[in-house]
Amino acid sequence: MDLGAARDGGWARRVPASAYFGVSAVFHYLGPSAAVLLFAHLDALGVAWLRIASAAAVFALWRRPWRMLKRLGPGQRGVMAALGVVLAAMNCVFYLAVARLPLSTVGSVEFLGVIGLAAAGVRGWRNGVALGLAVLGVFTLADVRLVAQPVGFVFAFANCVLFVAYVITGHRIANDERDGIDQLGAAMLLAAIVVTPVGIGGAAPAFVHPGWLLAGVAVGICSSVIPYVTDQLAMARLRRSTFALMLSILPAAATVIGVLVLKQIPTPPDLIGVALVIAGIAVHQPSKNDTRRDDGIRSRGHLGTEGLADRPGNDELRQPRLGRVDS
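Residues numbered from 1 in each chain as written. Predicted model: local features only at pLDDT ≥ 70, side-chain atom pairs only at ≥ 80, totals over all residues. Heavy atoms only, no water.

Trainee: So what exactly am I meant to see when it comes to the side chain of His-28 here?
Mentor: Counting through the fold element by element, His-28 comes out in helix H3 (residues 17-38). Sequence-distant contacts of His-28, defined by excluding residues within four places in its chain, comprise Glu-110, Phe-163, Pro-227 and Leu-250. (Helix = DSSP H or I, 4+ residues; strand = E, 2+ residues; numbered from the N terminus. Contact = heavy atoms within 4.5 Å.)

Here is the structure:
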């Protein structure tokens, strides 16, 4: 093997962005489905702490992200810190939601905000229809369980807002000129610090049950390492609106994994609601004048992959590197 090519992540540049997204889609809910099984032994916040802390430990050992902090400017550090806080809050409310609602329901509510993000700034009847279908789908799901689990929907909608924040801040980092994955690792370390006061108590029983602890570590790797890294590799090569559009497969993934792993058989209204959400994202039409600034591909002080691709002599920067996710 060419060590130079491996170090530069040459193989990573040859993998289609859709392949990275496919891996993320599978693990986005496979990890949480395993976490739901841990709810029989630990509370939701304890499981969230295990997920975040174990992911932070993996990033620390793998990337040692603190080494690049001195190279970041104040603005970049601010985005990275915001991502860390978002990751901590998003994982907590997500688990508080899935402890009360089926995974497919939480997954569909999660993407209502993503549709709004994809449609923001893009006018036209198709995008109006897309947003309408998504809203109708979420309300179909809400009507099924809102009376029985109102608190669950509060957490689900909070997760929806935070997931949009994750897409925005994660995309900013992925298209930064610095090391995107290292910044993700640093954000995860900050997330572990933020979540410790509320989650360590609930996770404490796992420290005397090795099986539960190993399960928590597996959840962290499957939920917060594999999908977040592949998200970064996909985001670095996709416009934000395109990435949001591809998220249309995730409610379906949540439904399938909920059935296979958790035996959560969806009712006909559940299936209708999920289908409406998926249809809404599928109908969405990106703007032909989708600007780099709106998509986060070009922002102040950052160059996007498309901008670099138009310039001679920058072939090596057109695709993200495994060790350095250049934009």
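Trainee: Explain a nonpolar patch on the surface here, please?
Mentor: A surface patch of nonpolar side chains, about 490 Å² in accessible area, is lined by Val-26, Leu-30, Leu-37, Val-256, Leu-260 and Val-261. Only H3 and helix H13 (249-262) provide two or more residues apiece to the nonpolar patch. Here Val-26 shows up in helix H3. For Val-26, a relative accessible area of 43% corresponds to the partly exposed category. (Patch = residues over 30% accessible without salt bridge, like charges linked within 9 Å, V, L, I, M, F, W, Y side chains within 5 Å. Areas by Shrake-Rupley, 256 points an atom, 1.4 Å probe, with all protein chains shown as cover. Salt bridge = Lys/Arg side-chain N within 4 Å of Asp/Glu carboxyl O. Buried < 20%, exposed > 50% of the residue type's maximum accessible area, 1.4 Å probe, protein only.)

Trainee: Where do I start with the pattern of salt bridges in this structure?
Mentor: Should the charged atoms of two oppositely charged side chains come close, the side chains can pair. Within this structure, the stated rule accounts for one salt bridge. Measuring nitrogen to oxygen at the nearest pair gives 2.7 Å for the salt bridge that ties Arg-63 to Asp-182. Here Asp-182 lies in helix H10 (residues 180-203) and Arg-63 lies in helix H4 (residues 44-63), a separation of 119 residues in the sequence.

Trainee: Hey, could you run me through the packing of H4 against helix H11 (residues 210-235) in this one?
Mentor: Two numbers describe how H4 lies on H11: the axes approach to 7 Å, and their chain directions differ by 65°. As for how H4 packs across H11, the hand of that crossing is right-handed. Note on element contacts: H11 touches H4 through Leu-213, Gly-216, Val-217, Val-219, Gly-220, Ile-221, Ser-223, Ser-224, Val-225, Tyr-228 and Val-229, opposite Leu-50, Arg-51, Ser-54, Ala-55, Val-58, Phe-59 and Trp-62. Looking at the contact of H4 with H11, its residues break down into 12 nonpolar, five polar and one charged. (Axes fitted to C-alpha atoms, helices over the stretch in contact; angles between N-to-C directions. Left-handed = near helix turned anticlockwise from the far one by under 90°. Nonpolar A, V, L, I, M, F, W, Y, C, P; charged D, E, K, R; others polar.)

Trainee: Would you mind showing me how to read empty space enclosed by the protein here?
Mentor: Any empty space left between the atoms is revealed when a probe the size of a water molecule rolls over them. In total, this model carries one cavity of 30 Å³ or more according to the counting rule given. For the largest cavity, the calculated volume is near 90 Å³. Forming the walls of the largest cavity are His-28, Pro-32, Arg-51, Met-90, Asn-91, Phe-94, Glu-110, Asn-159, Phe-163, Ser-223 and Tyr-228. Only H3, helix H5 (74-98), helix H9 (150-174) and H11 provide two or more residues apiece to the lining of the largest cavity. A total of three residues in the lining of the largest cavity trace back to one element, the largest contributor, which is H5. Considered class by class, the residues forming the lining of the largest cavity number five nonpolar, four polar and two charged. (1 Å grid on protein atoms, 1.4 Å probe; cavity = no way out; pocket = protein on both sides within 12 Å on 5 of 7 lines; lining within 4 Å. Points joined across faces, edges and corners; volume = space filled by probe spheres on them.)

Trainee: What is the right way to read H11 from this model?
Mentor: What sets the pattern is the α-helix's 3.6 residues per turn: residues three or four places apart point alike. Over its 26 residues, H11 extends 36 Å from the first C-alpha to the last, a length consistent with the 38 Å expected when each residue adds 1.5 Å. At Ile-221, H11 is deflected by roughly 30°, the largest bend along its length. (Expected span 1.5 Å × (residues − 1). Bend = angle between axes of the 7 residues up to and from the residue.)

Trainee: Help me understand the environment of Thr-196 in this model?
Mentor: Structurally, Thr-196 can be placed in helix H10. Of the residues examined, Thr-196 reaches a relative accessible area of 28% and is grouped as partly exposed. Separated by 148 residues in the primary sequence, Thr-196 and Ala-48 place their C-alpha atoms 9.7 Å from one another.

Trainee: How do you make sense of the packing of aromatic side chains when you look at a structure like this?
Mentor: Centre-to-centre distance and the angle between the planes together describe a pair of aromatic rings. What the rule picks out here adds up to eight aromatic pairs. For the pair Phe-59 and Trp-62, a centre-to-centre distance of 6.1 Å together with 25° between the ring planes defines the contact as stacked. Taken as a pair, Phe-59 and Trp-62 lie in helix H4 at a separation of three residues, close to a single helical turn. With relative accessibility at 0%, the residue Phe-59 sits in the buried group. Residue classification places Trp-62 among the partly exposed residues on the basis of a relative accessible area of 39%. (Phe/Tyr/Trp six-rings, centres within 6.5 Å; stacked < 30°, edge-to-face > 60°.)

Trainee: How should I be thinking about the confidence of the model for the protein in this particular structure?
Mentor: Interpretation of this model should avoid reading the predicted coordinates in detail wherever pLDDT is low. When pLDDT is averaged across the protein, the result is 78; 76% of the residues are at 70 or more. Here residues 1-8 is a poorly scored stretch, pLDDT under 50, and it has five contacts once near neighbours within four places are set aside; other chains count. Within the model, the stretch residues 289-327 combines pLDDT values under 50 with 94 contacts to residues more than four positions away or in other chains. (pLDDT = per-residue confidence, 0-100.)

Trainee: It is not clear to me how the environment of Leu-131 should be interpreted in this structure. Could you clarify?
Mentor: Counting through the fold element by element, Leu-131 comes out in helix H8 (residues 125-145). Judged by its relative accessible area of 34%, Leu-131 falls in the partly exposed class. Taking C-alpha positions, Leu-131 is 6.0 Å from Gly-280, a pair spaced 149 residues apart along the chain. With residues up to four places along the chain from it excluded, the contact list for Leu-131 reads Ile-115 and Gly-116.

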